[in-house]
Amino acid sequence: MPTTLQMPKLGESVIEGTVSRWLKREGDPVDEYEPLLEIITDKVDTEIPSPAAGVLLRIHVGEGETVAVGTPLALIGDAGEEVEARQSARAAGSGRHSPAVARLLAEHQLDAAAVRGSGREGRITRKDVEAHLASRQQATAPAESTTPGELLPLTPMRRRIAQQMVASVQTAPQVTAVYEADMGAVLAQRETLRAEHPGLRFTPVAWIVAATARALVEHPTLNAEWRADGIFLHHERHVGLAVALEEGLIVPVIRHADRLALPDLARAIADLATRARAGQLRPDEARGGTFTISNYGAGGCLVGTPIINPPQAAILGVGALQQRPVVREGALVARPMCYFSLTFDHRVLDGALADAFMRCMMGGLESGMDADREKQDR
């Protein structure tokens, strides 16, 4: 009998996944545990291995299609079982839509019979519905410009980022406030820690995460989310750190960031960023954040207005660290300065709370946080 590969549950809260790419074609031989396809779940790409050795007889779900956990994805078996596989595929695909497709059809009040399916056995995919909607809009839209150009297709990651950012600005009234901190104490302490921990890469981001996490302890309203029945305060500080990829952004999460000493934070940041760029994060490592930090200063940006990562109440943007002239004790001196932008949900908190949080966070940075580091290192 052929072996059915189903959409796996890739995390405690994962209910569906999108087929990003098939690594094998129908008729290709496969070994047991050999990578068969890539699944994208909440912006994390994960390779799914074959559950058995044999031949990839049938692919049920095409690339770009989103299906629920437990949905049959493919059949693996011996070449002689192909006829049976076709019958199974027909039964699996007959008259069924994935939950994502069903929601899309209902949202736009579409009759499934009016949408041409391109999936296996005529199954309707998300792309089919989107193409149908685009054709309807095109029929009523004015003539397109004749200016030369090209249309770049949306990747699953870019589409999810777009949906999430649009939902964020449409849902939450967002305010951005800008602050400036002297990073001299951080840079001085970094040299000390480099000498104590040779080979460990220390960047100012470790201090920023530490100061942010500990400020969240003092000001828990920033570590919250808006809900219809009230404001939910998280009791744990899980800080997400945005990492830039070629195709978009991913936000791996440093769990219990307030409990980690600076060397441990430096290790965690380096590990998560490296594996995020290599596509090796586990799905749950990009979930469950309670607050996000976006370090756009790595690209040279001085000041930005980051968009909240829903359902969180706030996000901290970090600008480039630069030597700038400032006045100290009546004299003009050059100091390593950094702009911080705090965007917050005005339903959850007001400017006074945002100011108090940032004073606490920047106070930790400007003091170097020596006492906290020594206490946690013991």
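Criteria and cut-off values
Per-chain numbering applies: the sequence of each chain, read as written, is numbered from 1 onward. Only residues with pLDDT of 70 or above have their local features reported here, since the model is predicted, and side-chain atom pairs are shown and tallied only from 80 upward, although totals for entire chains, interfaces and linings are computed over all residues. By convention in this description, side-chain values take in all heavy atoms of the structure and omit both hydrogens and water. Two strands are counted as paired when DSSP detects at least two bridges linking them. To qualify as a helix, a DSSP run of H or I must reach at least 4 residues; to qualify as a strand, a run of E must reach at least 2; elements of each kind are numbered from the N terminus. Only the stretch in contact is used when fitting a helix axis, every axis being a line fitted to C-alpha atoms; angles between N-to-C directions are given from 0 to 180 degrees. Put simply, angles under 35 degrees are roughly parallel, angles over 145 are roughly antiparallel, angles from 65 to 115 are roughly perpendicular, and the rest are oblique. Crossing handedness: left-handed means the near helix sits turned counterclockwise from the far one by under a right angle, and right-handed means the same turn made clockwise. In what follows, residue pairs with any heavy atoms lying within 4.5 Å of each other are defined as contacts. Any residue outside Ala, Val, Leu, Ile, Met, Phe, Trp, Tyr, Cys, Pro, Asp, Glu, Lys and Arg is labelled polar, Gly included; the first ten of those are nonpolar and the last four are charged. Burial classes: relative accessible area under 20% of the type maximum marks a residue as buried, over 50% as exposed, and values in between as partly exposed (1.4 Å probe, protein chains only). Here the expected span of a helix is defined as 1.5 Å times the quantity of residues minus one.

K.L.:
Would you explain the sheet that holds strand S6 (residues 54-59) in this entry?
P.N.:
Within a sheet, adjacent strands bond to each other through the backbone by hydrogen bonds, running parallel or antiparallel. Overall, antiparallel pairing links the 4 strands, which are arranged S1-S8-S6-S3 in an open sheet. Two strands in the sheet have a free side with no partner beyond their single neighbour: strand S1 (3-6) and strand S3 (29-30). As paired elements, S1 and strand S8 (residues 72-77) share 4 bridges and run antiparallel to each other. Bridge pairing links Thr4 to Leu75 in S8.

K.L.:
Would you mind showing me how to read the packing of helix H6 (residues 204-218) against helix H8 (residues 351-367) here?
P.N.:
To describe two helices that pack against each other, one gives the angle between their axes and the distance between the axes. At a minimum axis distance of 8 Å, the contact between H6 and H8 shows a crossing angle of 140°. Overall, the two elements H6 and H8 adopt an arrangement that is oblique. For H6 against H8, the interelement crossing comes out right-handed. Across from Trp207, Ile208, Ala211, Thr212, Ala215, Leu216 and Glu218 in H6, the residues of H8 making contact are Phe357, Cys360, Met361 and Leu365. Here the contact of H6 with H8 is built from residues that sort into 9 nonpolar, 1 polar and 1 charged.

K.L.:
Got a minute to help me understand the side chain of Asp345 in this structure?
P.N.:
As for its placement among the helices and strands, Asp345 is situated in strand S19 (residues 331-345). Using a relative accessible area of 2% as the deciding quantity, one classes Asp345 as buried. The contacts of Asp345, once residues within four sequence positions are left out, are Ala172, Pro173, Trp226, Ile308 and Ala313.

K.L.:
Please clarify how H6 should be interpreted in this entry.
P.N.:
A turn of α-helix holds 3.6 residues, and therefore any two residues three or four places apart point the same way. Across its 15 residues, H6 extends 22 Å between first and last C-alpha, which sits within 8% of the 21 Å expected from 1.5 Å per residue. Of all 15 residues in H6, 13 are buried; the element is thus mostly enclosed.

K.L.:
I would appreciate a short explanation of helix H4 (residues 156-171) in the present structure.
P.N.:
Along its 16 residues, H4 runs 22 Å from first to last C-alpha, staying within 8% of the 22 Å computed at 1.5 Å per residue. Buried-residue contacts for H4 involve strand S4 (35-41), strand S9 (174-182), strand S13 (243-245) and strand S14 (248-250).

K.L.:
Help me out: how do you make sense of the packing of H6 against helix H7 (residues 262-277) in this one?
P.N.:
Running from N to C, H6 and H7 point in directions that differ by 115°, and their axes come no closer than 9 Å. As summarised for this structure, H6 and H7 are arranged roughly perpendicular, according to the angle between their axes. Between H6 and H7 lies a crossing of right-handed hand. Residue-level inspection shows Val205, Ala206, Trp207, Val209 and Ala210 of H6 in contact with H7, the latter providing Leu262, Leu265, Ala266 and Ile269. Its residues assigned to classes, the contact of H6 with H7 shows 9 nonpolar, no polar and no charged.

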